[in-house]
Every structure is written in C-alpha cells, then in structure tokens.
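# Residue-level structural notes
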Number of protein chains: 2
Amino acid sequence: MVEIQDAFYLERGEKNYQLRGGIEEIADSITEKGIENIFFVGSGGSIAMLCAFADFFKKLSNIPVFTETSAEFAVADYKQLTEKSLVILVSKTGDAEEAVQAIKFCKDRGITTVGFVGVKGSSIYNLADHTVYIDEDISAYRYVQVYFLAFRLLHNLGFFKDYDRFANELKYLPSALLEVAKQFDPMAKEYAEKHYTDDFQLWIGSGSSIGEISRYSACVAEELFRIKTQAMHSAEFFHGCFEIVDEKTPIVLIKGEDESRAIDERVERFLNKYAQNYLVIDIQEFPLDRISDDFRKYFSPAVISILLGDRLRNHMMEKTGLGYTTRKYYRVVSY
Amino acid sequence: MVEIQDAFYLERGEKNYQLRGGIEEIADSITEKGIENIFFVGSGGSIAMLCAFADFFKKLSNIPVFTETSAEFAVADYKQLTEKSLVILVSKTGDAEEAVQAIKFCKDRGITTVGFVGVKGSSIYNLADHTVYIDEDISAYRYVQVYFLAFRLLHNLGFFKDYDRFANELKYLPSALLEVAKQFDPMAKEYAEKHYTDDFQLWIGSGSSIGEISRYSACVAEELFRIKTQAMHSAEFFHGCFEIVDEKTPIVLIKGEDESRAIDERVERFLNKYAQNYLVIDIQEFPLDRISDDFRKYFSPAVISILLGDRLRNHMMEKTGLGYTTRKYYRVVSY
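Structural notes, computed from the coordinates. Nothing here was measured: the structure is a model prediction, and the numbers come from that model.

The rules behind the values
Residues numbered from 1 in each chain as written. Chains lettered and ligands numbered in written order. Predicted model: local features only at pLDDT ≥ 70, side-chain atom pairs only at ≥ 80, totals over all residues. Heavy atoms only, no water. Phe/Tyr/Trp six-rings, centres within 6.5 Å; stacked < 30°, edge-to-face > 60°. Helix = DSSP H or I, 4+ residues; strand = E, 2+ residues; numbered from the N terminus. Buried < 20%, exposed > 50% of the residue type's maximum accessible area, 1.4 Å probe, protein only. 1 Å grid on protein atoms, 1.4 Å probe; cavity = no way out; pocket = protein on both sides within 12 Å on 5 of 7 lines; lining within 4 Å. Points joined across faces, edges and corners; volume = space filled by probe spheres on them. Nonpolar A, V, L, I, M, F, W, Y, C, P; charged D, E, K, R; others polar. Domains from an automatic or database assignment. Pairing = 2+ DSSP bridges. Right-handed = clockwise from strand over helix to strand, strands pointing away. Core = buried A, V, L, I, M, F, W, Y, C linked by side-chain atoms within 4.5 Å. Contact = heavy atoms within 4.5 Å. Axes fitted to C-alpha atoms, helices over the stretch in contact; angles between N-to-C directions.

Before going further, it helps to examine the packing of aromatic side chains. Here the distance between the centres and the angle between the planes together describe a pair of aromatic rings. Under the defined criterion, the tally for this structure stands at 88 aromatic pairs over all chains. Ring centres 5.3 Å apart and planes at 85 degrees place the aromatic pair Phe56 of chain A and Tyr298 of chain A in the edge-to-face group. Here Tyr298 of chain A lies in helix α12 (residues 296-320) and Phe56 of chain A lies in helix α3 (residues 45-60), a separation of 242 residues in the sequence. By the burial criterion, Phe56 of chain A is buried, and Tyr298 of chain A matches it. An aromatic cluster of three or more residues is present, and its members are Phe39, Phe66, Phe73, Tyr78 and Phe105 of chain A together with Phe39, Phe66, Phe73, Tyr78 and Phe105 of chain B.

Written as structure tokens, this is what we have:
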C-alpha cells in the first residue's frame, strides 16, 4: 500500500490520456450549443476538485461560474440555472444520492450535464448527457480528464490560446506526478510518524489549492483517521483563526504557485515567528518534467492531490491502521 | 457586558432605519448606470455576512454574484470584473489592509464600489464611490443597511416585487432581534458554562446561514477564546467530517429557515443517533414580531448573528475572561 508502483501509475496515466479525443468532442458540441454560465457540482472530494476549475474560469474567462455542493444545488433552485447553463458533475462512485438528485434536477429542466464518473453503468454514468470515465483509484489522475474538458471549452470560447500545447503536455502529467510522489515520500512518512496521533490539524492555503486542502482535511484526515481538522484560506487566517497558533497546534501550510502565493508567504512569515509545530509544503519545489513553466500553476491542485491524497494518506493508513475499511459511518450505517 | 440593554439596542436600530432613504438613492443610481455582476468582498466577519446576500441574489435573480476574500480579490485579477461590475465591501473598521487594497484595485479600473463602513473618515469610508455607515457595535444590526441596498437593487432589477413591504418591516427588525436575544439568553448562558473550556467545536449549517456560522467559528470562538473549530456545511458533513462524531466531540447544528432546512434536518437525525455532546439551535423557534412569514428566511442570518455574535459571545467572554482586549495577535503584533 505504501510502496509506489510505477507501472500501475503509468498505465493509468496512459489510459486517461487516450480519452482526450472523446472529451474534446464533448467540449466542441457544448460550445456549438452555446453556454451562458457553468455550475460545478459535487460532494466531498468531487466538489473539492472542481473548486480549482471554477478558479481557472474566473481568472481566464468572463463566463460566470459557481461551485455548489450537490445536496444544496438540488434544493436551492438558483435562478441563474437555465437551459443555457452547463452543469459539470464529478462522482467517483456515480451513485452518491445527492449527486443523483442534482442530475435529475437538471434533466427535468433540460439543462446540459457532463458527468465525470469512476464507475461505468452507475446512475450518473447513465443519466448525464455526456459522460467521461475517470480514474477511480488515483485521485490526482482524475484531473487529466477534467483539464481536457475545461481548457478545451476555454479555448473554444476564446479565452485560452495555447490549448494544443497544454493538452499535449497532459500526456506527461501522470509521469511527472509519479516523480513528485517519489520525491515527497520520505517527507510524508516523517509527517505521518510525527502526526498520526494528532487530535487536531490546521491546513492552510489559497487560490486554486483550497479545494484539495479542504479535501484532505475533511475527506481524508477526518474521514479515515478521525483527526479533527480545519481548512483555512491563507487570507482569512489573519481574521480570527490565527489566534489558535501556539507551540503545540499542528499546522500545515501549502504554498501554491498562482497569483495568491504572496498571501501564503505572509502566513509563512507569521508561522516562522509564532508557531512551532508546523510544516510548509512548497509546490514550487517539485519539478514537473516536460511541463512548461507557464502551465505549472494550473497543475498545482493535481500536485497537492498526489502529495496529500496519495502519499500522506497511505503513510497515515500504515501508521494508524485505519482506512477505507474501518470507517464508522460513511457507507456503513444509514443516514 | 452580559446584560441586555434595551435602550441601547433600540436606539441603534432606529438610527439604522433612518439611513433608508440615502441607501435607496445609492441603489437607484447604480441601477440607472447598469450592472452585469456583483462581487461581495471582505475579510473575516465582513465577508461572512456578505455570503448571505450572495445567496439571496443567486436564489432571486440572474445577476452573477461572487463572494471573495479581500486579499485574494486584490491579487487574482478575475476577468469577470469589469467596469460593468458592482463591488460591495463591508469593513467594520474601514481600514483593514486587504480591504483597502481591494478598493484601490477597483478605483484603478473604474469599477463602482459601495462601502459599508463602521468608522467615518476611515480609508474605505473615503475611497468608496458610495459609502454607507454601519453599526460598529452590534453585528446583527449591520444587516439592516445591507438589506436596504441589496433588496432595493433586486427590486429595481425586477427580481423582488415586495420591496416596500420588506423595507417597511426592517423598521421592526432591531426590536425583534432584541426579543430573540432575550429568549436565547438563558440557553447562551448554559452553553457557555458547559463549553467554555472546550478544546474543539464543530459548527454545522447550510444555505444563507453558513456565513454567520463561519464567522462565529473563526472570528469569535478562535479569535477571542482560542477554541479550535471547524465550520461545516450540512450537506458536506456526510462526506468525511461526520466520522469525528462520537460521545465527546462538541457540536452545534443551526437549523435555518430557507430551502436548505431539509439538509440540516438530515444532520439532526444523524446527531440524535450517534452524537451525545451536541446542541441544535432552530431559528424557526424564535418569534420575529411584526415580520411577515415570507420574509423570515431572509432574516435568519441576522438572527444567527444576534444569537452567536452577541449573546453567546458575551456569555463566553464572561466565563473565560477573554475578549477583545486579550487577543494574542490580531491588531496586537505586526503580520
């Protein structure tokens, strides 16, 4: 479990890349139909992942975008949601009750949906207008398929010129992430050994990183290891949250690579002065082989996903003896 | 401090209502100019408050709205932000560094700004295109002024017919909130006595309540009492976070009055079964004298603000001996 299996990762990466043509066709047909806004919808790790794409659209385009948790989306009846909306859902299992409700809500109103789904034949796989298969095992690798759709759409709408170069480089993302995993592995092991009995952990970051940070906080640390957590935006950290900083509180700051990096650095300066039990993970320190410098900032969320959702998770499972088979409630009891 | 001073509250409420005409003129001049989208911008308690208004716009109108933390807003350079945007900022002190950066960013680009500011003559008070004075002492009462602007805009744009009735009832909101404070006071006292030494608290809610819940979590419990917290959306609770529920974890669920109430009720059923150290606060149980039933859901955030940001905060200050003069970092050290 803790060992990194190169062949497994590379084979999965290659399979994901092969879906490129089909995903581009979906993006092209959506562009032809025309869209006025985009709703990114999901629960847990799925919506966390989509946060990054909402951020890219806000920075690159003038298409209004919204990120919504599935259950609220299905009851809120947002007026901005019309037949000219595009709804993009991610669901690893394809059968999360809330996501199924959300997609049915769209179907009833003639709203175009794209479902990224990890299980063929599942409810969402069958219900979505357009379906893309995503990797159900390696969370970081799911990004590849969503990058194809999102950036092809941005390209078609006139907001991203370099799509071909970008999409060609996606071929190398899985192997680059594999190298990131190897480089981070000793640090992940050390962190797990030091922190596997923590009562509480504070995770901090900003910009397109915030989704993956929230995901680790709730869907990994709490869900698997029952460690109480808080995920905090680097800018908001200074408005209340930083009063819990002391020599004991366990803190991790993720320094991203996008426009918000300066905000992360402000947190780092504060931690250097007032915290003692903290770790700074700088995404810029991980080389991404054959990835252009000007694209790196778009790949930060996938890098964070391989660091936390793969390496750190695996070492924490090893140390705690807890994992996907030892949950108390999630898919164990009815709720 | 803990005692409720009727005269003080009612006098403040009356003063706020008297600003109605001036705020409506601002809304009318903005409508005349025309707007394509709205950015709600602030930090800490200010952005928390504005979350509710973004929610109202999403549910009532087709104007794209965004909520942004000031520091990130000032660096992210969102493409959706144009001369046709309206930026609404709230700043109690009017001089928060990030908010000043945000408003300067707008001025440089000719983007219309409305500043709700608690200190006359402060930077933001002077820099905003339109300025509204807000109550600097009672957080719940600040809502009155923002309701005038937001719902007058919604009315002018054709999305809210009942503005006159709504605005007339705002005259009674401060006195209704005062009665809410009195009704909740014994429960607040009991909660503070039981929980003032907590290491961690989990706060849960949804819909338009989520901003005030986040505000209490970070800007009150952490900022003043150094209690580690997590604010969690009722829908997301079931995707990871609920694994920390046990007989000991201190939890508060706020049951709101809007479309998301059913999601809160699902959490309540779970807590009844698996938690023991929890409290459910149902906003529906507080009467709001002379407020129409169909408007109540818009006032939930102000109700939560008087409950948590006033009564609970005051009883917690009494029990802990901590408060605005005992902070370790906020406006005490440089950062």
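The structure having been displayed, the exposition proceeds.
With that out of the way, let us pick up empty space enclosed by the protein. All names here are of chain A. For the structure on display, the rule yields 2 cavities of 30 Å³ or more. Considered as a void within the structure, the second largest cavity measures approximately 40 Å³ in volume. Lining the second largest cavity are Gly45, Ser46, Met49, Val90, Ser139, Arg142, Tyr143, Glu212, Arg215 and Ser305. Those elements that place two or more of their residues in the lining of the second largest cavity are α3, α7 (142-156) and α10 (210-225). The element best represented in the lining of the second largest cavity is α3, accounting for 3 residues. In terms of residue class, the lining of the second largest cavity is made up of 3 nonpolar, 4 polar and 3 charged. Both domain 1 (6-161) and domain 2 (175-320) contribute no fewer than three residues apiece to the lining of the second largest cavity.

Before going further, it helps to spend a moment on the pairing of strand β3 (residues 85-91) of chain A. Residues and elements named next belong to chain A. When you tally the buried positions in β3, you get 7 out of 7 residues, the bulk of the element. The two faces of β3 match: Ser85, Val87, Leu89 and Ser91 on one face and Leu86, Ile88 and Val90 on the other face are all buried. Bridge count between strand β1 (residues 37-42) and β3: 5 bridges; the pairing is parallel. Counted as the bridge partner of Val41 is Leu89 from β3. For β3 and strand β4 (residues 112-117), the ladder comprises 6 bridges, and the chain directions are parallel. Looking at the pairing, Ser91 lines up with Val117 of β4. Handedness of the β3-helix α5 (residues 97-108)-β4 crossover: right-handed.

As a further point, take the nonpolar core. If you look at the biggest cluster of nonpolar residues, it comprises 83 residues, and the most contacted ones within it are Phe53, Tyr147 and Phe151 of chain A. Ranked by residues supplied to this core, first place goes to α12 of chain A with 11 residues. When residues of this core are sorted by domain, at least three fall in each of domain 1 (6-161) and domain 2 (175-320) of chain A. The contact partners of Phe151 of chain A, leaving out residues within four places of it in the chain, are Phe53, Phe56, Leu60, Phe160, Tyr163, Phe166 and Tyr298 of chain A. Counting residues in each nonpolar core, the second largest holds 82 residues, with Ile63, Phe116, Val132 and Ile213 of chain B among its members.

All names here are of chain B. Taking strand neighbours across the sheet as the criterion, the 4 strands line up as β7-β6-β8-β9 in an open arrangement whose pairing is parallel. Across the chains shown, the open sheet's two edge strands, defined by having one partner strand only, are β7 (228-233) and β9 (278-282). Between one strand axis and the next, the sheet turns by 15 degrees as a mean value, whatever way the strands run. Of the strand pairs in this sheet, strand β8 (residues 251-255) and β9 are connected by 5 bridges, and their pairing is parallel. Its bridge partner lying in β9, Val252 is registered against Leu279.

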